[in-house]
Amino acid sequence: MDPMIIELGYALDTFYFLMCTALVMWMAAGFAMLEAGLVRSKNTVEILNKNVLLYGVACTVYLFIGYNIMYPSAPVNSLIPGIDFLLGEDHTLESVLSGDEDAPYYSSMADFIFQAVFAAATMSIVSGAVAERMRLWPFLVFAIFMVSVIYPVSGYWKWGGGFLDEMGFQDFAGSIVVHAAGAAAALAAVILVGARKGKYGPKGEVRPIPGANLPMATLGMFILWMGWFGFNGGSELKIANLEEANAVAQIFVNTNAAAASGAVVAALFAKFLFGKTDITMTINGALAGLVSITAEPLLPSPGLSVLIGAVGGIVVVVSVLALDKLKLDDPVGAISVHGSAGIWGIFAVMLSNSEATFMGQLIGTLVIISWMFVASFVVLFILNLIMPLRVSEDEELEGMDIHECGMLAYPEFGPASQASDPYQDSDSTSSTTRSSRVSSPAAAG
């Protein structure tokens, strides 16, 4: 083949990979907006801090060690990956033009950054589930362990060529490897930190705790929906020929179809159960449809994708209600969206992929979920002995924004604004004093 054509294909595939990376990175904004909209206003700044900092922590530790555990250059065996640090050099022109069957066709740096944003997305699942009661810094310490070791090990078992890949476990873009893995870690954290005060009554009744900003939550859902085109589309890994371009287009169509049907069916199911159309169920229905199709977004027909997403929409509503019955408090429905819908999605692969078997899908699911849950539980349990995971009752009552971050998300609507505008003081009032009136616990009530 003409070297110029090979180089052009390499450049196009690398560029596509990077654009998909940007879309998946944009999902960090989606998680932040979704979670900030579904918590109470007194916890908004803290959950935003969690999302910004977890992204920073995840990308840093994945750069130093996580990527090389997930994709080791010299694995010990199919169970135990090797350990290496930082990144090597990118591909040379000679390796690209070598003509070998396994010659690289996109930049290794593009591969790293694409996988890094996946790792950050996995950690983002945990932040929403423990919102409003888990301290910021213990959460970030846990993020170091999860993204540097826990998630990369299970990722290696499938995507790094480990034993789950060898046995034929099929998970195209991560319904289990990413989404259910994050949900399993979230479940461990939810069990350890407990439910929010007042969420469940003495007789087991469930008391709704409405989010402060549903428009923001809806925006977050649409950002995630958009980012998912990069999540699933980028997982094709190639676009620079007719067959691959058609495949990517098919993935986009199927991804969108599943999300759309998930939203509609979840809304209809909620209307049937409650007599009202609950926007939070509609939002989670769309996300559940996306998670459901992630395990195999290429092979289903658009019609089958609609069915897969629709079932995901029902699964997430049932799961949210079931977790509340079990008194497992998940403010944003993360465990249901990413865990329950992810499990449905991995078995839905068998509807279109002839290489998928029930036992293969079952073993892969059980292995990854068990590993993520147990490893996360152990790390969090030990961490809780050193630096308590949960805020005090007073801190929870007054809000994590004041105690963890020293400020309010909406200071104009806080108690300090009821008497006067703190910025209308005399000229002699210092900026430090003005700031303290907004950020002090007393000002927050």
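No experiment lies behind these values; they were computed from the predicted model shown.

Quick word on the overall build of the protein chain
And then number 1: Secondary structure assignment for the protein chain yields 17 helices and zero strands.
And then number 2: Against the 2.2 N^0.38 benchmark of 22 Å for 445 residues, the protein chain shows a C-alpha radius of gyration of 23 Å, consistent with a compact globule.
And then number 3: Along the three orthogonal principal directions, the C-alpha set of the protein chain runs to about 75 × 55 × 40 Å.
And then number 4: In the protein chain, which comprises 445 residues, the proportion classed as buried is 53%.
And then number 5: The long-range fraction of contacts in the protein chain, counting pairs at least 24 apart against all pairs at least 6 apart in sequence, stands at 77%.
And then number 6: About 18800 Å² of surface is accessible on the protein chain, with carbon and sulfur atoms providing 67% of the total.
And then number 7: Here the protein chain carries 19 positive and 38 negative side-chain charges, and the mean point of each set is 21 Å from the other.

Digging into the packing of aromatic side chains
And then number 1: Scanning the model with the defined rule gives 18 aromatic pairs in all.
And then number 2: Seen from their ring centres, Tyr 67 and Phe 112 are 5.4 Å apart, and the 90° between their planes marks the pair as edge-to-face. Here the residue Tyr 67 occupies a position in helix α2 (residues 44-70), and Phe 112 occupies one in helix α4 (residues 108-129), the gap between them amounting to 45 residues.
And then number 3: Between the aromatic rings of Trp 228 and Phe 231, the centroid separation amounts to 5.7 Å while the plane-to-plane angle is 40°, which identifies the pairing as tilted. Here Phe 231 and Trp 228 lie together in helix α8 (residues 214-234), a separation of three residues that amounts to about one turn.

Side note on the packing of α4 against helix α7 (residues 175-193)
And then number 1: At a closest axis distance of 8 Å, the pairing of α4 and α7 adopts a crossing angle of 35°. At the point where α4 passes α7, the crossing takes the right-handed sense. Residues Phe 118, Thr 122, Ile 125, Val 126 and Ala 129 of α4 pack against Val 178, His 179, Gly 182, Ala 183, Ala 185, Ala 186, Ala 189 and Val 190 of α7.

A look at the environment of Ala 334
And then number 1: Tracing the sequence through the fold places Ala 334 in helix α12 (residues 334-348).
And then number 2: On the basis of relative accessibility, which here comes to 6%, the residue Ala 334 falls in the buried class.
And then number 3: For the pair Ala 334 and Val 126, spaced 208 residues apart in the sequence, the C-alpha separation amounts to 7.5 Å.
And then number 4: Residues within four places of Ala 334 in sequence aside, it is in contact with Ile 125, Ala 129, Ala 183 and Gly 339.

Focus: the packing of α8 against helix α9 (residues 242-274)
And then number 1: Their axes nearest at 9 Å, the elements α8 and α9 cross at an angle of 140°. Taken together, α8 and α9 sit at an angle that is classed as oblique. Our pair here, α8 against α9, has a crossing hand that is right-handed. Every residue of α9 that contacts α8 at Trp 225, Trp 228, Phe 229, Asn 232 and Gly 233 is listed here: Val 248, Ile 251, Phe 252, Thr 255, Asn 256, Ala 259 and Ala 260.
And then number 2: Here the contact of α8 with α9 is built from residues that sort into eight nonpolar, four polar and no charged.

Some words on unusual backbone geometry
And then number 1: The backbone of Leu 86 shows a phi angle near 60°, a positive value even though the residue is not glycine.
And then number 2: Along the chain, the position of Leu 86 falls in the loop between α2 and α3 (93-96).
And then number 3: Backbone geometry places Leu 237, a non-glycine residue, at a positive phi of 70°.
And then number 4: Relative to the elements of secondary structure, Leu 237 occurs in the loop between α8 and α9.

Rules of the game
Residues numbered from 1 in each chain as written. Predicted model: local features only at pLDDT ≥ 70, side-chain atom pairs only at ≥ 80, totals over all residues. Heavy atoms only, no water. Helix = DSSP H or I, 4+ residues; strand = E, 2+ residues; numbered from the N terminus. Rg over C-alpha atoms; globule rule 2.2 N^0.38 Å. Buried < 20%, exposed > 50% of the residue type's maximum accessible area, 1.4 Å probe, protein only. Contact = heavy atoms within 4.5 Å. Areas by Shrake-Rupley, 256 points an atom, 1.4 Å probe, with all protein chains shown as cover. Lys, Arg positive; Asp, Glu negative; His and termini not counted. Charge placed at Lys NZ, Arg CZ, Asp CG, Glu CD. Phe/Tyr/Trp six-rings, centres within 6.5 Å; stacked < 30°, edge-to-face > 60°. Axes fitted to C-alpha atoms, helices over the stretch in contact; angles between N-to-C directions. Left-handed = near helix turned anticlockwise from the far one by under 90°. Parallel < 35°, antiparallel > 145°, perpendicular 65-115°, else oblique. Nonpolar A, V, L, I, M, F, W, Y, C, P; charged D, E, K, R; others polar.

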